[in-house]
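The primary structure of each chain is shown beneath.
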Amino acid sequence: LHIVYSLKEKLKLSLSVVTVNHNIRGNGESERDACFVKNMCKTSFSEEVPCLVVEIPTNKIKQLSLQRGKGIEEAARFLRYQAFNEACEFFSADYILTAHTKNDFYEGVLMSIFRGASPRAILGMRERRGCIVRPLLNIEKQTLRNYLLENKIEWMEDSTNQDPSYLRNSVRLNLIPALEKTFFGWQGGVEKTLKRLAIDEEYVEFLYKTFIKTNPYWKRSGEGKIYIEKNIFVSMPKAFKIRFLQDGFLLLGVKTRVSYFAICSLMNLTKNKDEVSCGNIKIYVKDEKVILTYAKNNFDAPFVNTGYMFWVEKTTKIFIQGCVLFVNLKAEGLYISSEEGARGIGPFKSPVCIRSRLPGDVIKIAGRIKTLKSVFSKCLIPSKISSILPIVEEGGVVRAVYGKALGVKNFIGDAQ
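Throughout this document, residue positions are counted from 1 along each chain, in the order its sequence is written. Whole-chain, interface and lining totals are the exception, using all residues; otherwise, since this is a predicted model, local features are given only for residues with pLDDT of at least 70 and side-chain atom pairs are given and counted only at 80 or more. Side-chain measures here rest on the full set of heavy atoms in the structure, leaving out hydrogens and waters.

Soluble, globular proteins show a tendency: their nonpolar side chains are buried together. Joining through side-chain atoms within 4.5 Å is the link that ties buried Ala, Val, Leu, Ile, Met, Phe, Trp, Tyr and Cys residues into a set, and such a set is a nonpolar core. Any residue under 20% of the maximum accessible area for its type is buried, any over 50% is exposed, and the rest in between are partly exposed; the area is computed with a 1.4 Å probe on protein chains only. Grouped together as the largest cluster of nonpolar side chains are 31 residues, with contacts concentrated most on Leu325, Ile336, Ile354, Phe376 and Leu389. For this core, the elements supplying multiple residues, two or more each, are β12 (316-320), β13 (323-330), β14 (333-337), β15 (345-348), β16 (352-355), α14 (372-378), β19 (391-394) and β20 (397-401). Should any heavy atoms of two residues lie within 4.5 Å, those residues are considered in contact. The contact partners of Leu389, leaving out residues within four places of it in the chain, are Tyr308, Arg355, Ser356, Arg357, Phe376, Ile381, Val401, Tyr402, Gly403, Leu406 and Val408. Listed in part, the 28 residues of the second largest apolar core include Phe211, Phe233, Val254 and Ile263. The secondary structure listing takes helices from DSSP runs of H or I that are at least 4 residues long and strands from runs of E that are at least 2 residues long, numbered from the N terminus.

Shown next, in the form of structure tokens:
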């Protein structure tokens, strides 16, 4: 704010401020910081700077976090940028300026790498995206601190910045110091990698856009259904297929994130396999056409962590948020599948318990006992999915996880 204000006349800017009280810190800290910003806008400059304080109701961020199946940080960010955009309209502003620094940029890059993100996400925050501008993205945070000290400008420190239970804080407090100790100058190496990745990504994007301009695109075939000629889809390079499927998800109105594992499964059409399903997304071949379908159901509704549990002894149908499970009884035992009458995973001895994950759940795979939490984390399964994946318990022991129902892999434990 001080830097932009000092350039106001030179750049011919009119300046307004929005600050958000998230109401997620105790002891009145959130309110204190909002009051600090408002008072600074009123008294610290030669003229008062218009300031809008946006109050997010207590517990709203926590509720949104549960509904979206994501963390507190993501929910707070979602509501904060919503407030920014509303303030932009309120002030009739052209741009929203944020104070993200070079440190924030690299923290985001590291988080994207270890989450298995797309190349575009790994490239990190841009200096400008739409009306969002980040003018300090190439400046180290310590440089800003020095500026504040030299100019005797007071600031407030968020106490939760030292709380490692937040992922970004853990990256800042634990991972980055370890990198600096092990790989001196690691940022320079990462920067070179990102530049090379950006060149490749730009070229692939150019080729893909050229490809879709000169070849047939998805065509609609009724509600929730689009298609493309089989020979065109099958002949696409994998990099194009990924983008083409993601375009298809947007056209069909898929609101949830489709995992990379699910996308790879949907690409896997072969001569002997002409149908692949991932949750309520299905791709199949008919009359020399590749058809992509999406059945909208309560999978689009906000996820809630209420949990579920079913005891099953015979053939039945189970409705779980986002999918339908069929328990099929065969001579050798119970099988669980997304299709009626099919042998999915099994056999299991009757009765079996089909439920959502519980704290402390473990599964024995290839002789090794692993927690389900670590298994899901290693496979980068989002919490909104892992919290409702069907767990198959037999005789008090977790025997399997039927992930196919929600577009992720199955996990089969050792037979008892």
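Among the five residues of β20, four are classified as buried, and the element is accordingly described as predominantly covered. Relative to β20, β19 is paired through four bridges, and the arrangement is antiparallel. Looking at the pairing, Val392 lines up with Ala400 of β20. Inspection of the sheet shows β20 paired to strand β21 (residues 411-412) by two bridges, in the antiparallel sense. Along β21, the bridge assignment pairs Ala400 with Ile412. Strand pairing requires that DSSP identify at least two bridges connecting the strands.

Bringing helix α10 (residues 186-214) into the picture now. By this rule, a helix spans an expected 1.5 Å times one less than how many residues it contains. The end-to-end C-alpha distance of α10, which contains 29 residues, comes to 42 Å, matching closely the 42 Å that a straight helix rising 1.5 Å per residue would cover. The set of residues buried in α10 consists of Trp186, Val190, Leu194, Glu201, Tyr208 and Phe211.

With that settled, consider the sheet that holds strand β4 (residues 128-129). Strand order in the open sheet made by the three strands is β3-β5-β4, with mixed pairing throughout. Where the open sheet ends on each side, the last strands, each with one partner, are β3 (96-97) and β4. The pairing of β4 with strand β5 (residues 132-133) spans two bridges and is classified as antiparallel. Among the inter-strand pairings, Arg129 is bridged to a residue of β5, identified as Ile132.

Let us now look at the packing of aromatic side chains. Pairing of aromatic rings covers Phe, Tyr and Trp, the last through its six-membered ring, and needs centres within 6.5 Å; plane angles under 30 degrees mean stacked, over 60 mean edge-to-face, and all others mean tilted. In total, this model carries ten aromatic pairs according to the counting rule given. Residues Trp218 and Phe244 carry aromatic rings whose centres are separated by 4.5 Å and whose planes lie at 20° to one another, so their mutual orientation is stacked. Linking Trp218 in the loop between α10 and β6 (219-220) with Phe244 in helix α12 (residues 238-252), this pair joins segments that are 26 residues apart in sequence. Across the pair, Phe244 and Trp218 agree in class, each one buried. Ring geometry for Phe376 against Phe411: centres 5.8 Å apart, planes inclined by 55°, an arrangement best described as tilted. Taken together, the residues span a long stretch of sequence, with Phe376 in helix α14 and Phe411 in strand β21 at a distance of 35 residues. By the burial criterion, Phe376 is buried, and Phe411 matches it.

Turning our eyes to something else, we now look at the pattern of salt bridges. Once the charged atoms of two side chains with opposite charge are near each other, the side chains can pair. Each salt bridge in this description consists of a side-chain nitrogen of Lys or Arg and a carboxyl oxygen of Asp or Glu lying within 4 Å of one another. Tallied over the full model, the rule gives 18 salt bridges. In this structure, Asp33 engages Arg25 in a salt bridge whose closest nitrogen and oxygen atoms are separated by 2.9 Å. By the burial criterion, Asp33 is buried, and Arg25 matches it. Taking the shortest distance from any N to any O, the salt bridge between Asp33 and Arg32 comes out at 2.8 Å. By relative accessible area, Asp33 is classed as buried at 14%. Exposure remark for Arg32: the relative accessible area of 39% places this residue in the partly exposed category. Through salt bridges with shared partners, a single ionic network connects Arg25, Glu29, Arg32, Asp33 and Asp158.

Now for unusual backbone geometry. Geometrically, the link from Gly346 to Pro347 is a cis peptide bond, its omega value of 5° lying close to zero. Summarising the element assignment, Pro347 is placed in strand β15. Looking along the chain, the bond that leaves Ser350 and enters Pro351 is cis, with omega of 0°. Along the chain, Pro351 turns up in the loop between β15 and β16. Look at Asn59: it is not a glycine, yet its phi comes out positive at around 75°. The residue Asn59 is located in the loop between β2 (51-55) and α4 (60-68) in this model. With a phi angle near 60°, Glu288 is a residue other than glycine that sits in the positive phi range. For Glu288, the location among the structural elements is in the loop between β9 (281-286) and β10 (289-294).

Turning to the confidence of the model for the protein chain, a few remarks are in order. The predicted model of the protein chain has a mean per-residue pLDDT of 87, with 94% of residues at 70 or higher. Counting contacts from residues 298-305, a segment whose pLDDT is below 50, to residues more than four positions away or on other chains yields 21 contacts. Per-residue confidence from the prediction method is given by pLDDT, with values spanning 0 to 100.

This paragraph deals with the pairing of strand β1 (residues 17-21). Taken across its five residues, β1 has four buried, putting it largely inside the fold. With its strands directed away from the observer, a crossover is right-handed exactly when the path from the first strand over the helix to the second travels clockwise. Remark: the β1/helix α3 (residues 29-43)/β2 crossover connection has right-handed handedness.

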